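Chain by chain, the residues run as shown.
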Amino acid sequence: MKIFEYMGKYDYEQLLFCQDEQSGLKAIIAIHDTTLGPALGGTRMWTYASEDAAIEDALRLAKGMTYKNAAAGLNLGGGKTVIIGDPRKDKNEEMFRAFGRFIQGLNGRYITAEDVGTTVEDMDLIHEETNFVTGISPAFGSSGNPSPVTAYGCYVGMKAAAKEAFGTDSLEGITVAVQGVGNVAYAMCRYLHEEGAQLIVTDINKEAVQRAVEEFGAKAVDPDEIYGVDCDIFAPCALGAIINDETIPQLKAKVIAGSANNQLKETRHGDQIHEMGIVYAPDYVINAGGVINVADELYGYNRDRAMKKVEQIYNSIEKIIGISKRDGIPTYVAADRMAEERIAKVSKSRSQFLLNSKHTLSNRI
Ligand SMILES: NC(=O)C1=CN([C@@H]2O[C@H](COP(=O)(O)OP(=O)(O)OC[C@H]3O[C@@H](n4cnc5c(N)ncnc54)[C@H](O)[C@@H]3O)[C@@H](O)[C@H]2O)C=CC1
Ligand SMILES: CC(C)CC(=O)C(=O)O
């Protein structure tokens, strides 16, 4: 991979490779943009097919966080970490403590939290070494696992998208096909089930599927079948790049609304689903509940305040659909514009000179 070429193309600030022989830590921290504030984004632990695949994932996810945090109105930039390894076998205490020291070394430029493959317990270990971590145990006055809040944000965002497609935001009797019933989707399915939606689920983890079948009366299908099932809403809640050349022709859903990051394999796939009349809730807008929740920790966690902000995801999706219709552009473009405009405005407002303690004139303060 031509790393600097890639970083230059999308204007990344920093890419950090962290290695600790004793614990087996191999982590990649990507910081995309810190115009709005320190970069906040989770740590993913995953068995990547290659180092290049891990680097690309870290970079793509970090850029997504810049847009997510900007669109959510947070004063935070975008970053993300991937740890190369199997979260079921390769974790140990020293690994997360070593990782915590690398984060501390960034002196607040990057703040982490959970993502796929990492847990509150892992964040607590990182917290032994640095305060630049969120999503730690409620015992520390923190917000804990962000997944249930992400799930709530996805649920309200899905309702806003449904209103556009079906004329009502009630999900009663609506069929939702859910890809991946892990931490976020399990909690999201509970909201959907309680509202009377019919669920079709799939996961590569059979136990996760079984739980959804037993608790929510979901119908189970094989992972390859989920794209083509008869449904009203497709909710991608596993990994990224699942809206692509192979899957788009299979889709029967009128709405795509789910928690997975980087759902569009390429931007042209966003154009394609727009042309097909599918209402797409942009991934980083609908799945911002988790980051909104953990970001609140930075001000002293207040759950009511955080949940009020998460409720706003409904309005954000409505607004983006409105811009998309007004300007005749796909929703992903409308969301990108919203985020980019905010970053550009803040960047401009910071352009005037500000004297600080390092400047030669500082002795005149
Ligand atoms: N946890 C959070 O608060 C947030 C999560 N997200 C994103 O939402 C997605 C899900 O996150 P979590 O629920 O936390 O992760 P998770 O790891 O708990 O759940 C993902 C599920 O997808 C399944 N899966 C993986 N590949 C699959 C495939 N090809 N077909 C079917 N199932 C598959 C896994 O077995 C797992 O059960 C990820 O893309 C994550 O980055 C985004 C924002 C916040
Ligand atoms: C706190 C996390 C849920 C933030 C993050 O990494 C994400 O939203 O993808």
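Going by what an unreviewed UniProt entry lists, the protein chain is known as Branched-chain amino acid dehydrogenase and is assigned to Heyndrickxia acidicola. In its Sequence similarities (unreviewed entry) section, the UniProt record describing the protein chain reads: "Belongs to the Glu/Leu/Phe/Val dehydrogenases family."

(A) Representation of the layout of surface pockets in the model. Volume-wise, the second largest pocket comes out at about 890 Å³. For the lining of the second largest pocket, the secondary-structure elements that each account for two or more residues are helix H1 (3-9), strand E4 (43-46), helix H2 (51-71), helix H9 (283-286) and helix H12 (331-349). Looking at which element gives the most residues to the lining of the second largest pocket, the answer is H2, with 8 residues. Residue composition of the lining of the second largest pocket, by class: 13 nonpolar, 5 polar and 12 charged. Residue-level mapping places the lining of the second largest pocket at the junction of two domains, with at least three residues from each of domain 1 (3-65 + 79-133) and domain 2 (147-336).

(B) Just the site of ligand 1, in detail. Residues in close proximity to ligand 1 total 20 residues, the closest being Arg44, Thr150, Asp203, Ala238 and Asn261. The backbone of valine 184 places a nitrogen or oxygen atom 2.9 Å from an oxygen atom of ligand 1. In this structure, isoleucine 204 approaches ligand 1 through a main-chain N or O atom, which is 3.5 Å from a nitrogen atom. Protein burial of ligand 1: of its 820 Å² of free accessible surface, 84% is covered by the chains. Contributing elements (two or more residues each) for the shell around ligand 1: helix H5 (147-166) and helix H6 (183-194). A per-class count over the shell around ligand 1 returns 7 nonpolar, 9 polar and 4 charged.

(C) Highlighting the pattern of salt bridges. With the rule as written, the count across this model stands at 18 salt bridges. Between aspartate 115 and lysine 80 there is a salt bridge, with its nearest N and O atoms 3.8 Å apart. Linking aspartate 115 in the loop between strand E6 (110-111) and helix H4 (120-127) with lysine 80 in strand E5 (residues 77-84), this pair joins segments that are 35 residues apart in sequence. Its relative accessible area of 17% is what places aspartate 115 among the buried residues. Its salt-bridge partner being arginine 305, residue aspartate 296 comes within 2.8 Å of it at the nearest N-O pair. Since its relative accessible area comes to 4%, aspartate 296 is described here as buried.

(D) Representation of the environment of glycine 258. Along the chain, glycine 258 falls in the loop between strand E11 (255-256) and helix H8 (267-275). Given a relative accessible area of 0%, glycine 258 falls into the buried group. Glycine 258 has contacts with Cys154, Ala235, Pro236, Cys237, Gln263 and Ile286, leaving out every residue within four places of it along the chain.

(E) Representation of the packing of aromatic side chains in the model. Applying the stated criterion across every chain yields a total of 8 aromatic pairs. With a centroid separation of 5.5 Å and 40° between ring planes, the pair formed by tyrosine 186 and phenylalanine 216 is classed as tilted. On the criterion of sequence distance, the pair formed by tyrosine 186 in helix H6 and phenylalanine 216 in helix H7 (residues 206-216) is long-range, its members being 30 residues apart. Of the two residues, tyrosine 186 and phenylalanine 216, neither departs from the other in class, the shared state being buried. A connected cluster of aromatic rings, assembled from ring pairs, spans Tyr6, Tyr10 and Tyr12. Over the ring of tyrosine 186 we find arginine 211, and its NZ or CZ is 3.5 Å from the ring centre.

(F) Region of interest: the state of the cysteines. The final tally for this structure, using the stated rule, is 0 disulfides. No disulfide involves cysteine 154; its sulfur sits 6.1 Å from that of cysteine 237, the nearest cysteine. Of all cysteine sulfurs, the one in cysteine 237 lies closest to cysteine 189, which takes part in no disulfide; the gap is 7.2 Å. Given a relative accessible area of 0%, cysteine 189 falls into the buried group.

(G) Up close: the nonpolar core. Counting 89 residues, the largest nonpolar core has Val176, Val178 and Phe234 as the members making the most contacts within it. With 10 residues, the top contributor of residues to this core is H5. Counting the residues that make up this core, at least three belong to each of domain 1 (3-65 + 79-133) and domain 2 (147-336). Residues Leu25, Ile83, Ile126 and Ile136 belong to the second largest nonpolar core, which totals 19 residues.

(H) Structural view of the sheet that holds strand E8 (residues 198-202). Read from one edge to the other, the open sheet built from 6 strands follows the order E9-E8-E7-E10-E11-E12, with strand pairing classed as parallel. In this open sheet, the two edge strands, each paired with only one partner strand, are strand E9 (219-220) and strand E12 (279-280). Pairing of strand E7 (residues 175-179) with E8, which is carried by 5 bridges, proceeds in the parallel orientation. If you follow glutamine 179 over to E8, its bridge partner there is threonine 202.

(I) Representation of the domain arrangement of the protein chain within the structure. Along its sequence, the protein chain is organised into domain 1 (3-65 + 79-133) and domain 2 (147-336). Put simply, the middle of domain 1 and the middle of domain 2, counted by C-alpha atoms, are 25 Å apart. Contacts between the two partners involve 13 residues from domain 1, matched on the other side by 11 residues from domain 2. Between domain 1 and domain 2, the buried area comes to about 890 Å², and carbon and sulfur atoms account for 61% of it. Together, Leu40, Trp46 and Arg60 form the three largest contributors to the area buried by domain 1 at its contact with domain 2, with a combined 44%. Counting across the domain 1 and domain 2 interface gives 0 salt bridges. Where domain 1 touches domain 2, the interface holds 0 residue pairs in polar contact (both at pLDDT 80 or more). Of all elements in the fold, only E4 and H2 reach the threshold of two or more residues within the side of domain 1 that touches domain 2. With 4 residues, H2 is the single largest residue contributor to the side of domain 1 that touches domain 2.

Thresholds applied
- Residues numbered from 1 in each chain as written.
- Chains lettered and ligands numbered in written order.
- Predicted model: local features only at pLDDT ≥ 70, side-chain atom pairs only at ≥ 80, totals over all residues.
- Heavy atoms only, no water.
- UniProt positions renumbered as here; feature names shortened; annotations may be inferred.
- 1 Å grid on protein atoms, 1.4 Å probe; cavity = no way out; pocket = protein on both sides within 12 Å on 5 of 7 lines; lining within 4 Å.
- Points joined across faces, edges and corners; volume = space filled by probe spheres on them.
- Helix = DSSP H or I, 4+ residues; strand = E, 2+ residues; numbered from the N terminus.
- Nonpolar A, V, L, I, M, F, W, Y, C, P; charged D, E, K, R; others polar.
- Domains from an automatic or database assignment.
- Near = heavy atom within 4 Å.
- Polar contact = N/O pair within 3.5 Å; in protein donor to acceptor, adjacent residues only side chain to side chain.
- Areas by Shrake-Rupley, 256 points an atom, 1.4 Å probe, with all protein chains shown as cover.
- Salt bridge = Lys/Arg side-chain N within 4 Å of Asp/Glu carboxyl O.
- Buried < 20%, exposed > 50% of the residue type's maximum accessible area, 1.4 Å probe, protein only.
- Contact = heavy atoms within 4.5 Å.
- Phe/Tyr/Trp six-rings, centres within 6.5 Å; stacked < 30°, edge-to-face > 60°.
- Lys NZ or Arg CZ within 6 Å of the ring centre and 35° of its normal.
- Disulfide = S-S within 2.5 Å.
- Core = buried A, V, L, I, M, F, W, Y, C linked by side-chain atoms within 4.5 Å.
- Pairing = 2+ DSSP bridges.
- Buried area = accessible area lost by both parts, 1.4 Å probe.

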